[in-house]
Amino acid sequence: MTHHTTEHEAGTRPSTLGTQSEEDRLRLLETHVQTLADAVRALAQGLENIPTQDTAAAAEAASRGARLAHELLLSQSL
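Let me sum up the structure you'll find in this document. (Residues numbered from 1 in each chain as written. Predicted model: local features only at pLDDT ≥ 70, side-chain atom pairs only at ≥ 80, totals over all residues. Heavy atoms only, no water.)

1. With respect to helix 3 (residues 55-75)
Helix length check: helix 3, at 21 residues, gives a terminal C-alpha distance of 30 Å against a target of 30 Å (1.5 Å per residue), a fit within 8%. Among the residues of helix 3, those classed as buried are A58, A61, G65 and A69. In an axial view of helix 3, the angular spread of the buried residues amounts to 70 degrees, which keeps them on one side of the axis. What points out from helix 3, more than 90 degrees from its buried face, is the exposed set A56, L74 and S75. For helix 3, the elements touching its buried residues are helix 2 (22-47). Count one or two residues on from helix 3 and you reach S77, which has phi positive near 55 degrees. (Helix = DSSP H or I, 4+ residues; strand = E, 2+ residues; numbered from the N terminus. Expected span 1.5 Å × (residues − 1). Buried < 20%, exposed > 50% of the residue type's maximum accessible area, 1.4 Å probe, protein only. Arc of directions from axis to C-beta. Contact = heavy atoms within 4.5 Å.)

Rendered as structure tokens:
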């Protein structure tokens, strides 16, 4: 079965889509991509330490990275 994505599901705001200029939509897309890149970077940094004997510190770093990524996404309503 084919699933059709609505504008709302695709992350656009239907009420403003028709009134935004192409430049405004591009700027919004660039902001979202930058936020996603920052979130991925935060996750990667939290997971980059190889757990050695200090597994508690590694778990804390991973948790901190995940929390930061989540906060970044929430800040942009993603």
